[in-house]
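Fold and contact review
So you can see what is in the structure, the chains are spelled out below.
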Amino acid sequence: MMKLLLGLSRAIDALNERVGRATHWLILAAILFSAGNAVSRYGFNLSSNAFLDIQWYLYSIVFLGAAGYTLKHNQHVRIDLVSGMLSPRTRAWIDIFGGVFMLLPVCLIIFWYGWTAFLEAYRIQEGSLDAGGLPRWPIKVVVPLAFLLLILQGVSETIKRIAFLRGLLETVTEERVNQVNAPLLARARGINLVERRTPEAGRYASLVTLEGSATVGGTVAAGGEPRIVRLGEHWLD
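Residues numbered from 1 in each chain as written. Predicted model: local features only at pLDDT ≥ 70, side-chain atom pairs only at ≥ 80, totals over all residues. Heavy atoms only, no water.

**With respect to the overall build of the protein**
The secondary structure content of the protein amounts to 8 helices and 7 strands. A burial count over the protein gives 38% of its 237 residues as buried. Sequence separation of 24 or more characterises 61% of the internal contacts of the protein that already satisfy a separation of 6 or more. In the form shown here, the protein has an accessible surface area of approximately 14100 Å², with 68% of it arising from carbon and sulfur atoms. (Helix = DSSP H or I, 4+ residues; strand = E, 2+ residues; numbered from the N terminus. Buried < 20%, exposed > 50% of the residue type's maximum accessible area, 1.4 Å probe, protein only. Contact = heavy atoms within 4.5 Å. Areas by Shrake-Rupley, 256 points an atom, 1.4 Å probe, with all protein chains shown as cover.)

Dropping the structure here:
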């Protein structure tokens with residue numbers, strides 16, 4: 001059963017990873033539209049409310065669409081002063097409780113109301129109140145879709161933490177590390193950095209070890225970046 005659930009978790013992770021990476025390009029598009037609108041307005045005295053609308057449309061898609069991607073990479077705000085003092089198992093239990101009783105119920109409520117609001121906007125073909133603006137109803141579908149992705153990622157994170165508590169996963173966090181901050185982190189803890197790569201089964205493709213009393217368990221997905229997960233008994237969020 002857990003094997004099937006972990007397969008589902010990997011599929012959800014892959015979906016939100018693709019969506020999150022796609023939103024990167026929308027940031028560039030928003031910048032180009034904003035710059036183009038400024039040039040046409042102040043340089044040629046030409047402007048349109050549609051250009052203003054498309055800017056916040058794109059920003060909304062980025063902000064909402066990347067929520068699941070952000071949760072996957074464990075980058076939402078935490079109270080590090082508290083969580084950093086807890087053991088990995090305690091933090092996993094807290095994440096499960098928070099996901100099941102806080103994250104998922106709230107997201108389900110917003111998904112439901114967002115979907116009904118979109119259907120009503122579509123029914124009346126809601127448009128912009130500004131002359132020449134874009135239709136409003138298409139952008140409203142982003143709210144339920146974004147929270148659906150967040151719900152799915154919440155399910156995935158819960159599955160991974162249950163698997164971790166049952167000893168089926170070594171780690172549940174996916175912290176990125178690059179060639180610059182890994183040595184800095186090691187030196188800050190007074191240890192020497194030695195990287196040793198070994199194949200592992202499943203989704204993990206490498207192991208990074210710090211020489212001395214502390215160890216760093218790292219993972220590299222296919223074609224991905226090194227990720228730091230653990231430094232001694234201090235798990236990094």
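**Section: unusual backbone geometry**
Its identity is not glycine, yet Asn74 carries a phi of approximately 60°, on the positive side. Summarising the element assignment, Asn74 is placed in the loop between α3 (67-72) and α4 (80-83). Even without being a glycine, Gln125 presents a positive backbone phi close to 50°. Examined against the element boundaries, Gln125 turns out to sit in the loop between α5 (88-123) and α6 (137-140).

**Quick word on the nonpolar core**
A general tendency of soluble globular proteins is for nonpolar side chains to be buried together. In terms of nonpolar packing, the biggest core is built from 12 residues, these being Tyr57, Leu64, Ala67, Leu71, Leu104, Cys107, Ile139, Val142, Ala146, Phe147, Leu150 and Ile151. Contributing elements (two or more residues each) for this core: α2 (49-65), α3, α5 and α7 (142-165). Contacts of Leu104, omitting those with residues within four sequence positions, involve Gly99, Ile151, Gly154 and Val155. In terms of nonpolar packing, the next biggest core, distinct from the first, is built from 9 residues, Leu6, Ala163, Leu165 and Leu169 among them. (Core = buried A, V, L, I, M, F, W, Y, C linked by side-chain atoms within 4.5 Å.)

**Notes on the packing of aromatic side chains**
Summed over all chains, the structure comprises 8 aromatic pairs. Taken together, a centroid distance of 6.1 Å and an interplanar angle of 20° make the contact between Tyr59 and Phe63 stacked. Here the residue Tyr59 and the residue Phe63 both occupy positions in helix α2, the gap between them amounting to 4 residues, near one helical turn. A residue is classified by how much of its surface remains accessible, and Tyr59, at 56% relative accessible area, is exposed. Here Phe63 falls in the exposed class, since its relative accessible area comes to 56%. Here the aromatic cluster, defined as three or more aromatic residues joined through ring pairs, consists of Trp115, Phe118, Tyr122 and Trp137. (Phe/Tyr/Trp six-rings, centres within 6.5 Å; stacked < 30°, edge-to-face > 60°.)

**Side note on the environment of Pro144**
Relative to the helices and strands, Pro144 resides in helix α7. In this structure Pro144 comes out as buried when scored by relative accessible area, which is 1%. For the pair Pro144 and Ile110, spaced 34 residues apart in sequence, the C-alpha to C-alpha distance is 7.3 Å.

**Quick notes on the packing of α2 against α7**
Think of two packed helices as two axes; the pair is described by the angle between the axes and how far apart they sit. Packing of α2 against α7 brings their axes to within 9 Å, and their N-to-C directions diverge by 20°. Judged on the interaxial angle alone, α7 and α2 are roughly parallel. For the crossing formed where α2 meets α7, the hand is right-handed. Contacts from Ser60, Ile61, Leu64 and Gly65 in α2 reach Val142, Val143, Ala146, Phe147 and Leu149 in α7. Of the residues assigned to the contact of α2 with α7, the class counts are 7 nonpolar, 2 polar and no charged. (Axes fitted to C-alpha atoms, helices over the stretch in contact; angles between N-to-C directions. Parallel < 35°, antiparallel > 145°, perpendicular 65-115°, else oblique. Left-handed = near helix turned anticlockwise from the far one by under 90°. Nonpolar A, V, L, I, M, F, W, Y, C, P; charged D, E, K, R; others polar.)

**Topic: the packing of α5 against α7**
Where α5 meets α7, the closest approach of the two axes is 9 Å, and the angle between their N-to-C directions is 160°. Between α5 and α7, the angle is such that the two are roughly antiparallel. In terms of crossing hand, the pair formed by α5 and α7 is left-handed. For the contact of α5 with α7, a count of residues per class yields 22 nonpolar, 3 polar and 3 charged.

**A few points about the side chain of Arg136**
Topologically, Arg136 is positioned in the loop between α5 and α6. Ignoring sequence-local partners within four residues, the contact set of Arg136 consists of Asp53, Trp56, Tyr57, Glu126, Gly127, Ser128 and Asp130.

**Side note on a nonpolar patch on the surface**
Side chains of Phe97, Val100, Phe101 and Met102 sit close together on the surface and give an oily, nonpolar patch of about 430 Å² of accessible area. Within the fold, Met102 resides in helix α5. (Patch = residues over 30% accessible without salt bridge, like charges linked within 9 Å, V, L, I, M, F, W, Y side chains within 5 Å. Salt bridge = Lys/Arg side-chain N within 4 Å of Asp/Glu carboxyl O.)

**A few points about the pattern of salt bridges**
Taken as a whole, this structure holds 9 salt bridges when the rule is applied. In this structure, Asp53 and Arg136 form a salt bridge, with 3.4 Å as the shortest nitrogen-oxygen distance. Taken as a pair, Asp53 in helix α2 and Arg136 in the loop between α5 and α6 lie far apart in primary sequence, 83 residues in all. The same class applies to Asp53 as to Arg136, namely buried.

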